[in-house]
Amino acid sequence: MSMHDALNQVLQQLTAEGKTPTTALVKARLNQPVPMATLIQAMQQWKRQKQVDPIAIQSTPLSAEARITALEAKVEVLEQQLAALLAANHQK
């Protein structure tokens, strides 16, 4: 495995664990020493790849029927949450 592959793997592992990668965390997870310049460059590249232009990614638009169904489901959940809040407030 190349150094670049190892760095990417560690960065992905940390992200999957819900941790924000730092140079210290990445260096601690690597099996071999890596020059700081290489580590910083890899982290910068990883951050650039992670940033996604929201306009560039456009999901397939839902049909009107699918949107209505999704919105109805959201309304139902909100109604249940409201009822639970009102019941809890009424018991006080």
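One can find the structure itself at the top, above this paragraph.
The structure presented is a predicted model; accordingly, all values stated were derived computationally and were not measured. (Residues numbered from 1 in each chain as written. Predicted model: local features only at pLDDT ≥ 70, side-chain atom pairs only at ≥ 80, totals over all residues. Heavy atoms only, no water.)

**Structural notes on the overall build of the protein chain**
Item 1. Within the protein chain, the regular secondary structure consists of 4 helices and 0 strands.
Item 2. Listed N to C, the secondary structure of the protein chain is α-α-α-α in terms of helices and strands.
Item 3. The proportion of buried residues among the 92 residues of the protein chain is 15%.
Item 4. Pairs at least 24 apart in sequence give 36% of the contacts found in the protein chain among residues at least 6 apart. (Helix = DSSP H or I, 4+ residues; strand = E, 2+ residues; numbered from the N terminus. Buried < 20%, exposed > 50% of the residue type's maximum accessible area, 1.4 Å probe, protein only. Contact = heavy atoms within 4.5 Å.)

**Focus on the nonpolar core**
In summary, soluble globular proteins display a tendency toward joint burial of nonpolar side chains.
Item 1. Core analysis: the biggest nonpolar cluster contains 12 residues, these being A6, L7, V10, L11, L14, V26, L30, V34, L39, A42, M43 and W46.
Item 2. Going through the elements one at a time, α1 (3-16) and α3 (36-50) are the ones with two or more residues in this core.
Item 3. Looking at this core element by element, the count peaks at 5 residues for α1. (Core = buried A, V, L, I, M, F, W, Y, C linked by side-chain atoms within 4.5 Å.)

**Let's talk about α1**
Item 1. Compared with the 20 Å implied by 1.5 Å per residue over 14 residues, the 20 Å span of α1 between its first and last C-alpha is a close match.
Item 2. All buried positions along α1 are accounted for by A6, L7, N8, V10, L11 and L14.
Item 3. If you follow the buried residues of α1, they end up packed against α2 (23-29) and α3. (Expected span 1.5 Å × (residues − 1).)

**Section: the environment of T15**
Item 1. If you trace the backbone, T15 turns up in helix α1.
Item 2. Among the residues examined, T15 registers a relative accessible area of 36% and is labelled partly exposed.
Item 3. Discounting chain neighbours no more than four positions away, the residues touching T15 are P21 and W46.

**Some details on the pattern of salt bridges**
Item 1. Scanning the model with the defined rule gives 2 salt bridges in all.
Item 2. Its salt-bridge partner being E17, residue K19 comes within 3.5 Å of it at the nearest N-O pair.
Item 3. With a shortest N-O distance of 2.7 Å, E17 and R29 are connected by a salt bridge. Taken together, the positions of E17 in the loop between α1 and α2 and R29 in helix α2 put the pair 12 residues apart, joining distant regions of the chain.
Item 4. Given the relative accessible area of 29%, R29 is considered partly exposed.
Item 5. In this structure, a network of salt bridges that share partners links the residues E17, K19 and R29. (Salt bridge = Lys/Arg side-chain N within 4 Å of Asp/Glu carboxyl O.)

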